[in-house]
Amino acid sequence: MAHKMAIIGFGGMAGYHQKNIGEHFPELEIAGIYDIRPEAVQKARDLGIKAFDSPERIYADKDIELVLVATPNDVHKPYAIACLEAGKNVISEKPVTLNSAELEEIIAASKKAGKFFTVHQNRRWDADFLSVKRIFADGILHDPYMIESRVQGSRQALHGWRGWKQNGGGMVLDWGVHLIDQMLNFCPQKLVSVNAVLHQVFAPEVDDNFTASFRFENGLHYLVNIAMNSFIVQPRWHISAADGTALIEDWDCKGKIVKLSDAATLDWAEDIVYTAAGPTRSMAPRPKNTTVELPLPRAEQTWLEYYRNIVAVLDNKAQPIVTTDQALRVMKVIDLVFQSDKEKHGIACSL
Ligand SMILES: NC(=O)c1ccc[n+]([C@@H]2O[C@H](COP(=O)([O-])OP(=O)(O)OC[C@H]3O[C@@H](n4cnc5c(N)ncnc54)[C@H](O)[C@@H]3O)[C@@H](O)[C@H]2O)c1
């Protein structure tokens, strides 16, 4: 028998979940949705999906084991807590809440109810991020000391509620949460400082561009940048490691790795080179034979892994792959991003 689930908030992202589940997961059945918008209700009915006329009807339905909350960000918390108190397991869309204190309330409700709570941090399974992980897991490069992770565009458009503060809009909570979750997934080491600058280039209420710089205990410096006003976009990833550099230009994973070759150990003349900026020895280009260029390791986007894990958790065969501890660490880092921008200096931490 399929596990029955409901969806609260049947907009763009919920449609994506409904399609994935319908096409790939017979183990899950969408028993109904709840949305405050008549168009969303109609969309569900057109798809042959029941529309509950209140969230209380979902809470009261004993057959529903799982609720996915895919509303605007500010109402994730009240829905999640109400569902947990009604004895449902819950998946929340990202950002799970607007700050870590709100998430702690949900975690307490989850513990009290004995039901699981997890967050849809799907970008852990993006091809570009999996490729970054493989560069180091496969030993192609070693000892990264500077990672730059950027997502940039120039549309200058925060759609609907994403532009409003009370709904938890803005880019830190929208895209920042993905890039910070990836960072913490990649770096298990302790985070020791956060320094962030947020901009409101065009949005009246929320951040539309930001850069945050993170320092880890092992010396790794990790930079996260989101721009909605970048008319010349920078690469998705630029990674400096002790023995080479990796470049991933975009989500299609165009890019390359350039690393030291065996010839790098041979003696080679350190001639002064006359560049357009004058003579230099230290910044002169390297002789070609001292480096090799390699393709990026291929990785496929595997977002369906997330649902596979949820089914296994419902079958008591696994624990949630996105844990509440991980989600809480992400939200604590986001708290520090906002604090650093507000106080206009870096914040030391131990996270
Ligand atoms: N994981 C991802 O990659 C990803 C991508 C996009 C959006 N999201 C997240 O999904 C959530 C929804 O985003 P979206 O793009 O689908 O937004 P959306 O505006 O398209 O959909 C939100 C839906 O929630 C409904 N809604 C609003 N207030 C409600 C309330 N109080 N009760 C019930 N329904 C309510 C709206 O009518 C709408 O249908 C957000 O938290 C967003 O951050 C995640």
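Every value quoted in this text rests on a predicted model; they were computed, and no experiment measured them. (Residues numbered from 1 in each chain as written. Predicted model: local features only at pLDDT ≥ 70, side-chain atom pairs only at ≥ 80, totals over all residues. Heavy atoms only, no water.)

Once that is clear, we can look at the nonpolar core. The biggest cluster of nonpolar side chains holds 103 residues, and the ones touching the most others in it are Leu103, Phe117, Ile180, Phe214, Phe216, Tyr222 and Val337. If sequence neighbours within four positions are ignored, phenylalanine 216 has contacts with Met183, Leu184, Cys187, Gln189, Lys190, Leu191, Val192, Tyr222 and Arg329. (Core = buried A, V, L, I, M, F, W, Y, C linked by side-chain atoms within 4.5 Å. Buried < 20%, exposed > 50% of the residue type's maximum accessible area, 1.4 Å probe, protein only. Contact = heavy atoms within 4.5 Å.)

A few words now on the site of the ligand. By nearness alone, 25 residues border the ligand, and Met13, Asp35, Asn73, Tyr79 and Asn122 come closest of all. In the model, an oxygen atom of the ligand is placed 2.6 Å from a nitrogen or oxygen of the asparagine 73 side chain. Here the ligand, which alone exposes 840 Å², has 84% of that area covered by the protein. Of all the secondary-structure elements, those providing two or more residues to the shell around the ligand are helix H1 (12-24) and helix H4 (76-85). (Near = heavy atom within 4 Å. Polar contact = N/O pair within 3.5 Å; in protein donor to acceptor, adjacent residues only side chain to side chain. Areas by Shrake-Rupley, 256 points an atom, 1.4 Å probe, with all protein chains shown as cover. Helix = DSSP H or I, 4+ residues; strand = E, 2+ residues; numbered from the N terminus.)

Taken as a whole and assessed by the stated rule, the structure comprises zero disulfides. With no disulfide partner, cysteine 187 has as its closest neighbouring cysteine sulfur the one in cysteine 349, 13 Å distant. (Disulfide = S-S within 2.5 Å.)

Among the five residues of strand E10 (residues 237-241), four are classified as buried, and the element is accordingly described as predominantly covered. Pairing analysis gives five bridges linking strand E6 (residues 144-152) to E10, with the strands arranged antiparallel. Along E10, the bridge assignment pairs proline 144 with alanine 241. Bridge count for E10 against strand E11 (residues 244-248) is five bridges, and the pairing is antiparallel. Its bridge partner lying in E11, alanine 241 is registered against glycine 244. (Pairing = 2+ DSSP bridges.)

We now examine unusual backbone geometry. The residue after lysine 94, namely proline 95, is reached through a cis peptide bond having omega -15°. Turning to its location among the elements, proline 95 is positioned in the loop between strand E4 (89-93) and helix H5 (100-113). Positive phi is not limited to glycine here, since glutamine 156 has a value of about 50°. Position of glutamine 156 relative to the elements: it lies in the loop between E6 and helix H7 (171-186). Of note in the backbone geometry, cysteine 253 takes a positive phi value of approximately 65° without being a glycine. In this structure, cysteine 253 sits in the loop between E11 and strand E12 (255-260).

Let us now look at the sheet that holds strand E3 (residues 64-69). Pairing between the strands of a sheet is mediated by backbone hydrogen bonds and can be parallel or antiparallel. An order of E2-E1-E3-E4-E5 is seen for the five strands of this open sheet, with the pairing classed as parallel. Here the strands that pair on one side only, and so sit at the sheet edges, are strand E2 (28-34) and strand E5 (117-120). Across this sheet, the average inter-strand angle for adjacent strands is 25°, counted without regard to direction. Bridge count between strand E1 (residues 3-8) and E2: six bridges; the pairing is parallel. Paired with alanine 6 across the bridge in E2 is glycine 32. Against the sheet, helix H8 (residues 305-314) touches E1, E2, E3, E4 and E5, its axis set at about 170° to E5. (Axes fitted to C-alpha atoms, helices over the stretch in contact; angles between N-to-C directions.)

On the basis of which strands lie adjacent, the open sheet formed by nine strands has the order E15-E12-E11-E10-E6-E9-E8-E7-E16 and mixed pairing. Every other strand in the sheet has two partners, leaving strand E15 (291-294) and strand E16 (347-348) as the edge strands with one partner each. Strands E6, strand E7 (191-199), strand E8 (209-216), strand E9 (221-227) and E10 of the sheet are contacted by H7, whose axis makes an angle of about 155° with E9. This element, helix H9 (residues 324-343), spans E7, E8 and E16 of the sheet and lies at about 55° to E7.

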